[in-house]
Amino acid sequence: MTIECSMLVPHVPSMCHADQVPEFQQDMASAMNEIGKRLKEIKPDVIVLVSCHWPSTFFHYVDCTPVHKGILTAIEAPDLIKDVPYHYPGDEDLAKELVKAGEEAGLQVQGVNDPYYVWDYGSVVPLRYLVPDEDIPVINLSVTLAASIEETYRWGQVIGKVLRESDKKVVFISSGALSHNLVRGRHNKPTVTEHAMDKQFIEFIMNKDFQSAYDMLPKYARFARVESGGRHLAMLLSIIDENADPTYLADGQSSGSWNALITFGLRKLSDMATLEESEYAK
C-alpha cells in the first residue's frame, strides 16, 4: 500500500490543553482538530511519528513498545505540561521491521521496547488533537543528533520503503517547527531574516519542488536555527510522495519560532479551507 498521507505538525507546549491555547495559535489547534476528524474517517492502521523532542545522541531509535502508557510532565515546561496521561497502542511487528531494514541499510538503528519509557511532548501534544480517542497504534522515532541531514534523509527513505511495502494503511507525522531561534514571550515571531527563509522553504514545498526544499535545508537550518537542525524536515521530505499534493492549513508563532501545519496527500476536508492568505505569504 502507499502511505495514506504525511504531515508536518506543531507541538508548541501552550497547545497541550485546548482551553489554554493563545489566540495566535487557535488556527493551528482548530485545524489539527479537523485533521483528527479526517483521520478517524480514514482509519489508518498505524501512525509513524518522528518528534524533535526525542533527541538521541548516536542511534536512530524506533519505539517498538506494544503499549504506550504513561503520565507526562515536560522537563522543559512543567508549568504548561504537567501530569498529562496518555495511553496508545503500539505496533511492535512493524517497528521491528523498521529496525531490521535500518540495520540492513548500514545505519545505526536500535529498537526500544520499554513500558517505562515516557513519551516526550512533541509526541503527546499533537496526538491529543489528531488521535484524541487514543485508538490508533503509534510508532515513535527519534531525531539523531550525530546523524547529518543526509543520513537522516537516507533513514527516511528506508522507512518510506518499508511503509509502502507494508499491507497497512500508514500515516507519517513529522512533529516540529521551522525557524526556532527561541526568545522569551510566546507572542514573538521570528526575525525578518529567519522568516524570509521560512517563506522560501514553504514556497518550495507548496510548489512541490521538494528537491529545492531539501537542497536549502542545511543553510536554512543553520541560519534560522530550524528545530532539531532540520532533521525532522529531512525525514519528511524523504518520505512524502512526489505526487502528493500539499495543503497549507495553519501557521503561527511561539516564542520566536515559526510553526506550520501542512498535509501531503490528505484529501481536502469539506469543512476546512486551505489558507489562501497565510502568514508565510505576507
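As a reminder, the structure under discussion sits directly above these lines.
Because the structure is predicted, anything quoted here is derived from the model rather than measured.

J.: Before we move on, can you summarise the packing of helix 1 (residues 26-42) against helix 3 (residues 121-130) with the specific residues and values?
T.: Packing of helix 1 against helix 3 leaves a shortest axis separation of 7 Å and a crossing angle of 65 degrees. From helix 1, Ala29, Met32, Asn33, Ile35, Gly36 and Leu39 reach across to helix 3, where they touch Pro126, Tyr129 and Leu130. For the contact of helix 1 with helix 3, the residue count by class is 7 nonpolar, 2 polar and no charged.

J.: Explain the environment of Thr152 to me, using residue names and the numbers behind them.
T.: Position of Thr152 among the secondary structure elements: in helix 4 (residues 149-165). We classify Thr152 as buried; its relative accessible area is 3%. Distance in space between the C-alpha atoms of Thr152 and His60 is 8.8 Å, their sequence separation being 92 residues. Thr152 has contacts with His60, Ala147, Arg231, Ala234 and Met235, leaving out every residue within four places of it along the chain.

J.: Before we move on, could you go through a negative patch on the surface and cite the residues and values that matter?
T.: Taken together, the side chains of Asp45, Asp93, Glu97 and Asp167 make up a negatively charged region of the molecular surface. If you trace the backbone, Asp167 turns up in the loop between helix 4 and strand 8 (170-175). You can call Asp167 exposed: its relative accessible area is 63%.

About the criteria used
Residues numbered from 1 in each chain as written. Predicted model: local features only at pLDDT ≥ 70, side-chain atom pairs only at ≥ 80, totals over all residues. Heavy atoms only, no water. Axes fitted to C-alpha atoms, helices over the stretch in contact; angles between N-to-C directions. Helix = DSSP H or I, 4+ residues; strand = E, 2+ residues; numbered from the N terminus. Contact = heavy atoms within 4.5 Å. Nonpolar A, V, L, I, M, F, W, Y, C, P; charged D, E, K, R; others polar. Buried < 20%, exposed > 50% of the residue type's maximum accessible area, 1.4 Å probe, protein only. Patch = residues over 30% accessible without salt bridge, like charges linked within 9 Å, V, L, I, M, F, W, Y side chains within 5 Å. Areas by Shrake-Rupley, 256 points an atom, 1.4 Å probe, with all protein chains shown as cover. Salt bridge = Lys/Arg side-chain N within 4 Å of Asp/Glu carboxyl O. Lys, Arg positive; Asp, Glu negative; His and termini not counted. Charge placed at Lys NZ, Arg CZ, Asp CG, Glu CD.

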